[in-house]
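Results of the structural survey
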Amino acid sequence: MTPRYSIAQEVWGVIPPRFEYFAPSSIDEAVQILDRFGGEAKVLAGGQSLLPVMKLRLAEPRALVDINRIPDLAHIREDAKSLRIGATTRTNDLNDSELIHARYPILSDAAYEIADPLVRNMGTVGGNVSHGDPANDLPACMLALGAHFVVRSPTGTRTIPAKEFYQDTFVTALESNELLLEIQIPKARPGQGNAYVKLEKRIGDFPIVGVAANLVLTTKGTIESAGLALTAVGPTALKATEAERHLVGKAPEDAAFQRAAEFAQEITSPVSDLRGPAEYKRAMVRVLALRALHRASARAHGGA
Amino acid sequence: MHELVLAEMPSAGDEETGPFVNVHVTVNGAPRSATVETRTLLVHFLRENLSLTGTHIGCDTTNCGACTILLDGKAVKSCTILAVQADGRELRTVEGLETDGKLHPIQEGFIEEHGLQCGFCTPGMMMCSVALLQKNPHPTEEQIRRAISGNLCRCTGYVNIVKAIQHAANKMAGPSGGGRP
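Residues numbered from 1 in each chain as written. Chains lettered and ligands numbered in written order. Predicted model: local features only at pLDDT ≥ 70, side-chain atom pairs only at ≥ 80, totals over all residues. Heavy atoms only, no water.

**Points about the interface of chain A and chain B**
Where the parts come together, the accessible area they lose is often given as the size of the interface. Contacts between the two partners involve 42 residues from chain A and, on the opposite side, 41 residues from chain B. Approximately 3,500 Å² of surface area, both sides summed, lies buried where chain A meets chain B, with 57% of it carried by carbon and sulfur atoms. Linking chain A to chain B there are three salt bridges. Linking B:K77 and A:D116 is a salt bridge whose minimum nitrogen-to-oxygen distance equals 2.5 Å. Counting across the chain A and chain B interface gives 12 residue pairs in polar contact (both at pLDDT 80 or more). Listed by contribution, the elements that provide at least two residues to the side of chain A that touches chain B are α1 (7–12), β1 (20–22), α2 (27–36), α3 (50–55), β3 (63–66), α4 (91–96) and α7 (117–122) of chain A. Among the elements that line the side of chain A that touches chain B, the one with the most residues is α7(A), at five residues. (Contact = heavy atoms within 4.5 Å. Buried area = accessible area lost by both parts, 1.4 Å probe. Salt bridge = Lys/Arg side-chain N within 4 Å of Asp/Glu carboxyl O. Polar contact = N/O pair within 3.5 Å; in protein donor to acceptor, adjacent residues only side chain to side chain. Helix = DSSP H or I, 4+ residues; strand = E, 2+ residues; numbered from the N terminus.)

Quick look at the structure:
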């Protein structure tokens, strides 16, 4: 295929291919446009992943549907049952939220290290969770927390559990005419603690490995439920189900965590690349899983 | 639908351009507008359409932060935002730092502390710093280093940049600084 060049490109360097631009002011309008383009339109939220891949011509959508003009898609609120995060909430808004710091520290752990501060001012929580990149940090957090994603299509609204959402690299359960509206996370309970631990070469780089851990302890101090999920060591963010099962009913101590970390290692399939050989990444899964579980446990006991 | 005026194609018949859109923004307090392709990036809009070349293009790939500007007061990389996304919004660029012939404290800081060598990253560094100091007038060194972690400098080793930002913070907090944003 002959590459397409225009005069503009020679003058300006790296620019995206041409597209039709829509800025709907309602959710209904947005999903109608997505439906009309039948998979050839992309949703533009923060654009911090989409615009770079368009500039590299890895994506050439016919149309962009900019959802930033839709009111009430950016919010962080807690109700009787859930923490609810709107799709266009900026990643840095997680950092700035006292509610998140105090009650859902796993999300501020992750948000503090996503890309860099400038990217976090544009990049959205909805974009991070729905892009389908196994190297994004928030999907593992959502798996560990047992989040649900509320999505709308022209025919209605449905709720998708995070564990059913990630199907393959850049492939999610989201249909091409569906828009992610909100992320719903089970409301934090007494005895709950969580953490996200990430290894990266430098700020702004993709993670080498990331691990998200969420523990809920009984009043007697044993583990009532556990969530453990991994970033960048498989085709999608991975939920370490065996590890979670192993932890339930145990004391939140090193012995149980060691075994869980080994279970987590077993489900990974990292690839060797500039960020390290596969064996190294697999070894780091164990190390980071231990750190994440210990930190989650410390927080469940009221520590920082 | 957001009030978006689709523009006539200036060069009708040219299949290699368009579609076009009118973009209205406020830059450094003044209303500005231009008709551009929908795919026009904000940094190109500023430089090519508005002739505000103080905002630099470094890497084109969301890495270096040379193109940092303030969008509704927040520091962002203007190479990774479409001009049309800024429609109706407020922008601040390095050209807007100096007022009435008087340099902004951050500009003075970069001069006093020798915060630049080649100067290429400097506009982005300064805009990022202005956003930091607006939000956190008394940042620690760690907070400064975190705040500028999306802005790359290949000359200074960052030590003098950090000092420049501390200089500005002290000046803006001081009795004569007046806390100018």
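**Here we look at the environment of B:G150**
With respect to the helices and strands, the residue B:G150 is situated in the loop between α4 (141–147) and α5 (159–173). Once the C-alpha coordinates of B:G150 and B:T62 are considered, the two residues, 88 residues apart in sequence, prove to be 8.9 Å apart. Among all residues touching B:G150, those that are not within four sequence positions of it are A:D116, A:P117, A:L118, B:N63, B:C64, B:G65 and B:K77.

**Some words on the domain arrangement of chain B**
All names here are of chain B. Looking at the assigned domains, one finds that chain B contains domain 1 (3–93) and domain 2 (105–173). Taken residue by residue, the interface counts 16 residues in domain 1 and 12 residues in domain 2. Surface buried jointly by domain 1 and domain 2 totals about 1,000 Å² across both partners, of which 62% is contributed by carbon and sulfur atoms. A per-residue breakdown of the area domain 1 buries against domain 2 is headed by H56, T68 and L70, which together make up 37% of the total. Our enumeration of links across domain 1 and domain 2 arrives at zero salt bridges. In this assembly, domain 1 and domain 2 are joined by five residue pairs in polar contact (both at pLDDT 80 or more). Mapped onto the side of domain 1 that touches domain 2, the elements with two or more residues apiece are β3 (68–71) and β4 (74–77). Take the side of domain 1 that touches domain 2: its biggest share by element is three residues, from β3. Across the side of domain 1 that touches domain 2, the residue classes tally to six nonpolar, eight polar and two charged. (Domains from an automatic or database assignment. Nonpolar A, V, L, I, M, F, W, Y, C, P; charged D, E, K, R; others polar.)

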